[in-house]
Amino acid sequence: MKVGYPSMGSYTRLLSELSPHLGWELITPKITPQRTIELSGHYLNEMMCYPAKFTLGSFIECCKQGADHLLMFDSCGKCRLTTYWILQQRALNKLGFNATVHPIRLGLHTPGDIQAIDPSIPSWKAWHVFISFLRKALSLDTELYYDIPKETTLVRIGLVGEIFSVLEEQVNRNLIQKVEKMGALVHNSLPLSYFIFKGLYNRGWMKRRGMDRQTWLFAREQAHKYFPKEIGGHGNESIIHTIYYALNGFDGVIHVLPFGCMPESTIAPILDDISQDYNIPVMRLIFDVHTAEGGLDTRLEAFVDIMKRRKDGRKNKIKVSDGV
Ligand code: SF4
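Residues numbered from 1 in each chain as written. Predicted model: local features only at pLDDT ≥ 70, side-chain atom pairs only at ≥ 80, totals over all residues.

Next up on the list: the domain arrangement of the protein chain. By the assigned domains, the protein chain splits into domain 1 (2-140) and domain 2 (146-322). Placing the centre of domain 1 and that of domain 2 at their C-alpha centroids yields a distance of 28 Å. Contributing elements (two or more residues each) for the side of domain 1 that touches domain 2: helix H3 (34-44), helix H4 (50-64) and helix H7 (123-144). Here the side of domain 1 that touches domain 2 gets four residues from one element, more than from any other, and that element is H4. Of the residues that constitute the side of domain 1 that touches domain 2, the class distribution is 15 nonpolar, five polar and four charged. (Domains from an automatic or database assignment. Helix = DSSP H or I, 4+ residues; strand = E, 2+ residues; numbered from the N terminus. Nonpolar A, V, L, I, M, F, W, Y, C, P; charged D, E, K, R; others polar.)

What follows is the structure, given as structure tokens:
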């Protein structure tokens, strides 16, 4: 079986490493060309959220490389992600490709979903593949995201928003690397392992590296006062983590959302209020097919620069009041 799947930043290689266990030839496009993503937008609808267009673009590239089966993340959440595979299947058929799009739910359903695609895979093997993937995701997160010290002269910025745009560098135009090069430390509130083990982390059954649970619990309580409802996607997490970063003395927050994102655009005014109430700057970045990298760089430089000045200003104030 030639099986394609969409890229997802640094995590893309995790699936390809599972290829020998599954006995599938796994195909992933390394870079999805801009013109293919634009074509996807045309077949889905301009108003559809950017990750839907981007992942369809990945599939088109996989089909060109001969994929006859495609894996699309599904989830138990409430958002449009659960319907991508249906729309993408229709678009691929219209484009003349024969491949079948299979929804894969992340969690206890994953092994069953793998077997539904390929019944020749025994249950134990499907579980083995799934557990190896979880282990690899956890250790990759340890590699990718370092702990940020509380006391540092460098500016500390928290990253919140829609998970695919936060994790896929082709979508966010290498946002984390750009900000780090500008001399700031970045804490990502949504590594893939948080998405996978959210239930366990939130119940305190697993410890989140580099996160203070008591502050996080307090932030969750406060977040509920601002928005007392589940919104789907990671909208609630964006609220919780923005408060968490403010309580934890971070210098600023970057809110990342793709064009057309329902949960993140819904909670955007809440983050603006939190920014005022907690006196923490929040910059919103909306990504879509036509995001211009030059404009993005300028905004990031200005934001990091303001954070640096605020931090220096605060330090000087403390020195004056100490009589130094
Ligand atoms: S969270 Fe946003 S980007 Fe993701 S499916 Fe929902 S609307 Fe689309």
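Structure shown, so let's carry the discussion forward.
In this section: the sheet that holds strand E4 (residues 100-105). Taken in spatial order, the four strands make up an open sheet running E2-E1-E3-E4, and their pairing is parallel. Strands at the two margins of the open sheet, each flanked by one partner only, are strand E2 (25-27) and E4. Between one strand axis and the next, the sheet turns by 30° as a mean value, whatever way the strands run. As paired elements, strand E1 (residues 2-4) and E2 share three bridges and run parallel to each other. By the bridge assignment for E2, Lys2 is matched with Glu25. Packed onto the sheet, helix H5 (residues 84-94) meets strand E3 (69-74) and E4 and runs at close to 170° relative to E4. (Pairing = 2+ DSSP bridges. Axes fitted to C-alpha atoms, helices over the stretch in contact; angles between N-to-C directions. Contact = placed C-beta atoms within 7 Å.)

This next bit is on unusual backbone geometry. The backbone of Asn45 sits at a positive phi, close to 130°, despite the residue not being glycine. For Asn45, the location among the structural elements is in the loop between H3 and H4. The backbone phi angle of Arg173 is positive, close to 55°, even though this residue is not glycine. Taking the number of C-beta atoms within 10 Å as the measure of exposure, Arg173 has 16 and is therefore partly exposed. (Buried ≥ 20, exposed ≤ 12 C-beta atoms within 10 Å, placed from the backbone.)

Around the ligand lies a shell formed by Cys49, Pro51, Cys79, Arg80, Leu81, Glu162, Gly233, Pro258, Cys261, Met262, Pro263 and Glu264. At three residues, the largest contribution of residues to the shell around the ligand is made by helix H14 (residues 262-278). A breakdown of the residues in the shell around the ligand according to their chemical character gives eight nonpolar, one polar and three charged. For the shell around the ligand, the two domains that each supply at least three residues are domain 1 (2-140) and domain 2 (146-322). (Near = placed C-beta within 6 Å.)

Further remarks concern the sheet that holds strand E8 (residues 282-287). Pairing is parallel across the open sheet formed by four strands, whose spatial order is E6-E5-E7-E8. The open sheet has two free edges, formed respectively by strand E6 (184-188) and E8, since each of these has just one partner strand. Looking at each pair of strands side by side, their axes are set apart by 25° on average, direction ignored. Of the strand pairs in this sheet, strand E5 (residues 155-161) and E6 are connected by five bridges, and their pairing is parallel. Looking at the pairing, Gly158 lines up with His187 of E6. Relative to the sheet, H14 contacts E5, strand E7 (252-258) and E8, its axis offset from that of E8 by approximately 160°.

Before going further, it helps to spend a moment on the environment of Lys2. Here Lys2 shows up in strand E1. Along the backbone, Lys2 and Asp141 are 139 residues apart, and their C-alpha atoms lie at a distance of 28 Å. With residues near it in sequence (within four places) discarded, Lys2 still touches Glu25, Ile27, Gly66, Ala67 and Asp68.

This part takes up the nonpolar core. Leu70, Ile157, Ile243 and Val253 are the most contacted members of the largest nonpolar core, which totals 72 residues. Both domains that furnish three or more residues to this core are identified here as domain 1 (2-140) and domain 2 (146-322). Excluding residues within four positions of it along the chain, Ile157 makes contact with Val179, Ala184, Leu185, Val186, Phe250, Asp251, Gly252, Val253, Ile254 and Met307. (Core = buried A, V, L, I, M, F, W, Y, C linked by C-beta atoms within 7 Å.)

Now for the packing of helix H13 (residues 235-247) against H14. Viewed as axis vectors pointing N to C, H13 and H14 meet at an angle of 15°, and their least axial separation amounts to 9 Å. Between H13 and H14, the angle is such that the two are roughly parallel. Between H13 and H14 the crossing geometry is right-handed. Across the interface between the two elements, Gly235, Ser238, Ile239, Thr242, Ile243 and Ala246 from H13 touch Pro263, Glu264, Thr266, Ile267, Ile270, Leu271, Ile274 and Tyr278 from H14. Of the residues assigned to the contact of H13 with H14, the class counts are nine nonpolar, four polar and one charged. (Parallel < 35°, antiparallel > 145°, perpendicular 65-115°, else oblique. Left-handed = near helix turned anticlockwise from the far one by under 90°.)

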